[in-house]
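Examination of the molecular architecture
Here's the letter readout for the chains.
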Amino acid sequence: MCWEYEGYNSPQTAALVRRPRYFAESLFQDGFSVTVIFTCADQVDTTCENEAGGKLRLISIPGVKQEIASSKLLNKLRTTMQLARYGDFSGKWHAAVVKKIDALHLRFDVVVSFFTPRGPLYSAYCLKARHQFKSIFDLQDPYHEGLTSGLSKIVLKKCFRRIMRSADVVFCVNKEWSRELEVDFGIRATYLPHVIEDPVPADDSANIHEKRSIVFFYSGSLEEDLQDPGLFFRCLDKLEKSGLYDSVEFRYAGNQSKHNYFSTTLPLGIKYTYLGWLSKESLYEEINNSDLLCVFPITSRTYKTCIPSKFYEFCRFPKPIMIIGDDTGAFRDEMGDSFDRQFVIRSEERFFEKIKAYRDADASGFFQANEDFNYTYSLPVVYQQFRNQLLC
C-alpha cells in the first residue's frame, strides 16, 4: 500500500513514488503475486502476468481530502484529533481500503506499507485486526515528518506507538531514524537505503568545458525550514559578477510553490528558468544539458540528519553533483569523513575553488558516482535485502 505509485495521478518521479514501484515489479519478476493499492482519482484495476508465474495487480482507491475548517482553532483541534487517532488526515483512507479488500475478497500473506503519508501505515494497522499477515512498514521519512510543534510531536509519539509497534518489520532509509525509532518506540528498524536505479549512459555530444556559460540544475521538492540554499544563492550572485562565465543560469523542474520560492529569493541578475514538472525523457534531457546537479543538504540542527533522496536520484546520471550547504552530518555519517571533506561545500571560498577548477576541465571537486558506488545502492542489492526480510 502506498499513497502514490509512479505513473499514476502525479507527475512526480521522486524516490517517494518510485520505491513502491520498483519493489513491486521486482517481486513480480521473481514470480510472486503482488497487489498494489494506491490513491488515484481515476479508476485503476489492471493485472498482468509473466512466465515466472508472477502476477501484478494495480488497484486505485481515491485519496481523502482535508477540508478547511471555518476557523484556525477548529483546524488545529481537528488536526490534533486526527494526529491522535490516525497519525494524520490520510489515515481516514483506511475505511475505503478495508471496504475494497473485503469487496474483492483479497487475501495476502504480507502487507508492505510505504510512508509518507501515514495513511498506508494506519490502514495496515486496521487490517491486522481482521486478517493474519506479516506487516512491513517502509519509512522514507522520520516518523514525525511534517510536524513542527513540540506538542504535536508529543501527541504523535504517544498515540502512534500502537500503530508503529503493530509492524513485524520496519525499514528505514536512514540509520539515525532507525536509532530514533528504537529510543521512542522500542522498535529495531532495519536500514534499507534508497536505490540508485540503472545508470543513464553518458551523452558525449555536450562538452561542458568548451562553453563559456554554466548551468546549475535542481528538481523536485525543497523543505525550506530544513534545507537552506542561501549559500548557493550568494555564490551564484558572486559568480555572475565575477566574469568567470559569460552566463550563469539556474534551472528548476518541480512544483509551482517551490518555483515561487526560488523566483523571489534568487539574487537579481541570475538567469532563472522554471521548467514545471517534467516527464522522465524531458528530465533526462535537461540533466544532460546541465553542467552541475545541485543537492541541498539538511541544515537544521533540530532535525534528525539525513541525506536528501535527491542525491541518490542524481547518482544515476553521468554528471557532477554539487552538494552545497552546512550539512548537519548525514553525508559524513553515511559516506565517511573523506567524502564530507572533499565534496560538501560549506563556504563561498570552497565553492569558487571548485568552480575555477571545473572551468579548467577539473571536475574532481564535485561528486560523480562510479560503478562501485552505484552497485552498493543498486536495485538488485537493495531488493535482495528487502526480499530476505520479506521471506524470513
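Before any of the text, the structure's been laid out above.
Below: a short report on this structure. Note that residues are indexed from 1 along each chain, following the sequence as it is written. Only residues with pLDDT of at least 70 are given local features in this predicted model, and only at 80 or more are side-chain atom pairs given and counted; all residues enter the totals for whole chains, interfaces and linings. Side-chain calculation: all heavy atoms of the structure are included, whereas hydrogens and water are not.

1. With respect to the overall build of the protein chain
Helix and strand counts for the protein chain come out as 16 helices and 13 strands. Atoms counted for the radius of gyration: C-alpha only. Globule rule: 2.2 Å times the number of residues to the power 0.38. Computed over its C-alpha atoms, the radius of gyration of the protein chain comes to 22 Å, within 12% of the 21 Å expected for a compact globule of 392 residues. Principal-axis analysis of the C-alpha atoms places the extent of the protein chain at approximately 65 × 55 × 40 Å. When burial is assessed residue by residue, the protein chain has 54% of its 392 residues classed as buried. Long-range contacts, defined as pairs at least 24 residues apart, comprise 69% of the intrachain contacts of the protein chain with a sequence gap of at least 6. The Shrake-Rupley method, run with a 1.4 Å probe sphere, supplies the accessible areas, and residue values consider only the shown protein chains as cover. Counting only carbon and sulfur atoms, one obtains 49% of the accessible surface of the protein chain, whose full area is about 18400 Å². Charge assignment: positive for Lys and Arg, negative for Asp and Glu; neither His nor the chain ends contribute. Taken as the charge centre is NZ of Lys, CZ of Arg, CG of Asp or CD of Glu, depending on the residue. Charge separation in the protein chain, taken as the distance between the mean sites of 49 positive and 51 negative side-chain charges, equals 8 Å. What counts as a helix is a DSSP run of H or I of at least four residues, what counts as a strand is a run of E of at least two, and both are numbered from the N terminus. Each residue gets one of three labels from its accessible area relative to the maximum for its type: buried under 20%, exposed over 50%, partly exposed in between, using a 1.4 Å probe on protein chains only. Whether two residues touch is decided by their heavy atoms; if any such pair falls within 4.5 Å, the residues are in contact.

2. Looking at the environment of S257
Secondary-structure assignment places S257 in helix α9 (residues 256-265). Separated by 88 residues in sequence, S257 and I345 place their C-alpha atoms 26 Å apart. Engagement of the side chain of S257 in a polar contact is seen with the side chain of N255, the distance being 3.0 Å. Whenever two N or O atoms come within 3.5 Å, that pair is a polar contact, provided that in protein one can donate a hydrogen and the other can accept it, and provided that, for residues adjacent in sequence, both atoms are side-chain atoms.

3. Considering the state of the cysteines
Any two cysteine sulfur atoms within 2.5 Å of one another count as a disulfide. The full count for this structure, using the stated rule, is 0 disulfides. Free cysteine: C48, not disulfide-bonded; nearest cysteine sulfur from C2 at 15 Å. On the accessibility criterion, C48 (35% relative accessible area) is partly exposed.

4. Description of the packing of helix α3 (residues 94-104) against helix α4 (residues 119-128)
Where α3 meets α4, the closest approach of the two axes is 9 Å, and the angle between their N-to-C directions is 50°. When the interaxial angle is binned, α3 and α4 end up oblique. The two elements α3 and α4 meet at a crossing, and its hand is right-handed. For the pair α3 and α4, contact is made by H94, V97, V98 and I101 and by Y122, S123, C126 and L127, respectively. To get an axis, a line is fitted to the C-alpha atoms, and for a helix only the part in contact is used. The angle between two axes follows their N-to-C directions and goes from 0 to 180 degrees. Any angle from 65 to 115 degrees is called roughly perpendicular, while one under 35 is roughly parallel, one over 145 is roughly antiparallel, and all others are oblique. The sense of a crossing depends on the near helix, which, turned anticlockwise from the far helix by less than a right angle, makes the crossing left-handed and, turned clockwise, makes it right-handed.

5. Thoughts on the packing of helix α2 (residues 72-85) against helix α5 (residues 150-159)
Any two packed helices are characterised by how steeply their axes cross, that is the angle between the axes, and by the distance between the axes. Running from amino to carboxyl end, α2 crosses α5 at an angle of 30°, the nearest separation of the two axes being 8 Å. Relative to α5, the element α2 lies roughly parallel. Residues T80, L83 and A84 of α2 form the contact with α5, whose own contacting residues are S152, V155, L156 and C159. Throughout, the ten residues Ala, Val, Leu, Ile, Met, Phe, Trp, Tyr, Cys and Pro are labelled nonpolar, Asp, Glu, Lys and Arg are labelled charged, and all others, Gly among them, are labelled polar. Class assignment for the residues of the contact of α2 with α5 results in 5 nonpolar, 2 polar and no charged.

6. A look at a nonpolar patch on the surface
A residue counts toward a patch only above 30% relative accessible area and without a salt bridge, and it is joined to like-charged neighbours within 9 Å or, for Val, Leu, Ile, Met, Phe, Trp and Tyr, to nonpolar neighbours within 5 Å. When a carboxyl oxygen of Asp or Glu lies within 4 Å of a side-chain nitrogen of Lys or Arg, that pair is called a salt bridge. Together, L74, L77 and M81 line one region of the surface with nonpolar side chains, adding up to about 310 Å² of accessible area. Along the polypeptide, L74 turns up in helix α2. With relative accessibility at 41%, the residue L74 sits in the partly exposed group.

7. A short note on the sheet that holds strand β11 (residues 292-295)
A pair of strands is labelled paired if DSSP reports no fewer than 2 bridges between them. With respect to topology, 6 strands assemble into an open sheet ordered β10-β9-β8-β11-β12-β13, the strand pairing being parallel. With one partner strand each, in any of the chains shown, β10 (271-274) and β13 (344-345) form the two edges of the open sheet. One ladder, built from 2 bridges, connects strand β8 (residues 213-219) with β11; its direction is parallel. The partner of F216 across the bridge, within β11, is L292. Helix-sheet contacts for helix α8 (residues 230-242) involve β8, β9 (247-253), β11, β12 (321-324) and β13, and the interaxial angle to β9 is about 150°. The sheet strands contacting helix α10 (residues 280-288) are β8, β9 and β11, and the helix crosses β8 at an angle near 145°.

8. Details of the pattern of salt bridges
A complete count under the given rule lists 29 salt bridges for this structure. Notably, a salt bridge pairs K175 with E334, separated by 4.0 Å at the nearest N-O pair. One end of the pair, K175, is in helix α7 (residues 175-185); the other, E334, is in helix α12 (residues 330-335), and 159 residues separate them in sequence. Look at K175 and you get partly exposed, because its relative accessible area is 37%. In this structure, D326 and R346 form a salt bridge, with 3.3 Å as the shortest nitrogen-oxygen distance. Pair noted here: D326 is in the loop between β12 and α12 and R346 is in the loop between β13 and α14 (348-359), with a separation of 20 residues, a long-range link. When salt bridges that share partners are traced, they join E6, R18, R21, E25, E197, K280, K310 and E313 into one network.

9. Observations concerning the layout of surface pockets
Cavities and pockets were defined on a 1 Å grid built over protein atoms only: a cavity is a set of grid points that admits a 1.4 Å probe from which the probe cannot escape, a pocket is an open set flanked by protein on both sides within 12 Å along at least five of seven lines, and lining residues are those with an atom within 4 Å of any such point. Grid points are joined across faces, edges and corners, and a volume is the space filled by probe spheres set on the points. The volume enclosed by the second largest pocket comes to roughly 710 Å³. Taken together, 27 residues form the lining of the second largest pocket, with S33, V34, T35, F108 and V110 sitting closest to its centre. At the level of elements, α1 (15-29), β1 (33-39), β3 (55-61), β4 (110-115) and α16 (379-391) are the ones that each hand at least two residues to the lining of the second largest pocket. Per-element accounting of the lining of the second largest pocket gives the leading share, 5 residues, to β1. Split by residue class, the lining of the second largest pocket holds 21 nonpolar, 2 polar and 4 charged.

10. A short note on α8
Because each turn of an α-helix spans 3.6 residues, side chains separated by three or four positions in sequence point in the same direction. The terminal C-alpha atoms of α8 lie 18 Å apart, and with 13 residues this matches the ideal 18 Å at 1.5 Å per residue to within 8%. For α8, every residue scored as buried is listed here: G230, L231, F232, F233, C235, L236, D237 and L239. The positive-phi residue at the C-terminal boundary of α8 is G243, with phi of around 85°. Each residue after the first adds 1.5 Å to the expected span of a helix.

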